[in-house]
Amino acid sequence: KYYLTIAAVIFKTNSTNTAKNESRFSLFNKLTKKIPFFSNHNDPVSLHKKVQETELSEYPFFSVQIPLYNEKKVANRVTAAAAAMDYPNFEVLVCDDSTDETTQLLYDKWAGSDKVKILHRVNRAGFKGAALANAITQMDPRTEYVVVFDADFVPYPDTLQLFAKYFKVIAENEFN
């Protein structure tokens, strides 16, 4: 669903030629009518519009996980952006396997934070996948959704808000 949705959004929004777009839309609509996800009126354009109109009455808990390995130049940037997101119900788990000064930089800035937990592993067995598996065992039991941000990604403040809205709209349409 994810890759198909991304492709559909790009497919529908990529061209500036209106006549060309109209023929693309008609071809896209013919192709997606047979796919259950889209046949429930979840085409990317109307889905985006529904998300923009959606208000959240509940805020599911997110566990934001950031795997790091020797990322001293970006570790605090991604962690700060994640911790500052405009959403009331989340935690940030920094999955740190670093062998350089990244770990100390993180502890210097985030030790004692209510929102950020640093999970440092001294043994890198299993690499990033194992670091994330470890984070799953450490996440808050209220977690309903897990989001993974790579170290060089900087999330927008409304990222979790939008994710929660998308999940709500899709869930409502799947069961209607």
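Just so it is clear, the structure is predicted and the values come from calculations on it, not from any experiment.

Asker: Teacher, can you tell me more about the packing of helix α5 (residues 75–83) against helix α6 (residues 102–110) here?
Answerer: Two packed helices can be described by the angle between their axes and the distance between those axes. The N-to-C vectors of α5 and α6 enclose an angle of 35°; their axes lie 10 Å apart at closest approach. At the point where α5 passes α6, the crossing takes the right-handed sense. Across the interface between the two elements, A75, N76, T79, A80 and A83 of α5 pack against T102, L105, L106, K109 and W110 of α6. Class assignment for the residues of the contact of α5 with α6 results in six nonpolar, three polar and one charged.

Asker: When you look at the confidence of the model for the chain in this model, what are you seeing that I'm missing?
Answerer: If pLDDT is low for a region, its predicted coordinates should not be looked at in detail. Per-residue pLDDT for the chain averages 83, and the proportion of residues at 70 or more is 73%. Across the chain, element-level confidence peaks in strand β2 (residues 90–96) with a mean pLDDT of 98 and bottoms out in helix α3 (residues 36–39) with 52.

Asker: What should I look at first to understand the pairing of β2 in this one?
Answerer: Looking down a regular strand, the side chains alternate between one sheet face and the other. Most of β2 sits out of view: seven of its seven residues are buried. Of the two faces of β2, the one lined by F90, V92, V94 and D96 and the one lined by E91, L93 and C95 are each fully buried. In this structure, strand β1 (residues 61–68) lies alongside β2, joined through seven bridges in parallel fashion. Note on β2: the bridge partner recorded for V64 is V92. Handedness of the crossover is the feature at issue here: the chain leaves β1, passes through α5, returns alongside β2, and the resulting connection is right-handed. With five bridges joining them, β2 and strand β3 (residues 116–120) adopt parallel strand pairing.

Asker: Is there a simple way to think about the sheet that holds β3 in this case?
Answerer: If you trace the four strands from one edge of the open sheet to the other, you get β3-β2-β1-β4, paired in parallel fashion. A strand with exactly one partner marks an edge of an open sheet, and here the two such strands are β3 and β4 (143–148). On average, adjacent strands in this sheet sit at an angle of 25° to one another, irrespective of strand direction. Strand direction decides the pairing type here: β1 and β4, joined by five bridges, are parallel. The partner of F61 across the bridge, within β4, is T143. Lying over the sheet, α6 contacts β1, β2 and β3, oriented at roughly 155° with respect to β3.

Asker: Where do I start with α6 in this structure?
Answerer: For an α-helix, 3.6 residues make a turn, and residues three or four places apart therefore share a direction. Within the span of α6, buried status applies to T102, T103, L106 and W110. The buried residues of α6 all sit within an arc of 100° when viewed along its axis, so they share a single face. Of the residues one or two after α6, G112 is the one with positive phi, at around 85°.

Asker: What exactly am I supposed to notice about the pattern of salt bridges here?
Answerer: When the charged atoms of two side chains lie near each other, side chains of opposite charge can form a pair. All chains considered together, the criterion is met by six salt bridges. One salt bridge in this structure joins K49 and E53, with 4.0 Å as the shortest N-O distance. Separated by four residues within a single helix, K49 and E53 lie in helix α4 (residues 44–53), roughly one turn from each other. For the pair formed by K49 and E53, the shared burial category is exposed. Note that E101 is salt-bridged to K72, the shortest N-O span being 2.7 Å. Of this pair, E101 sits in the loop between β2 and α6 while K72 is found in the loop between β1 and α5, placing the two residues 29 residues apart along the sequence.

Criteria and thresholds
Residues numbered from 1 in each chain as written. Predicted model: local features only at pLDDT ≥ 70, side-chain atom pairs only at ≥ 80, totals over all residues. Heavy atoms only, no water. Axes fitted to C-alpha atoms, helices over the stretch in contact; angles between N-to-C directions. Helix = DSSP H or I, 4+ residues; strand = E, 2+ residues; numbered from the N terminus. Left-handed = near helix turned anticlockwise from the far one by under 90°. Contact = heavy atoms within 4.5 Å. Nonpolar A, V, L, I, M, F, W, Y, C, P; charged D, E, K, R; others polar. pLDDT = per-residue confidence, 0-100. Buried < 20%, exposed > 50% of the residue type's maximum accessible area, 1.4 Å probe, protein only. Pairing = 2+ DSSP bridges. Right-handed = clockwise from strand over helix to strand, strands pointing away. Arc of directions from axis to C-beta. Salt bridge = Lys/Arg side-chain N within 4 Å of Asp/Glu carboxyl O.

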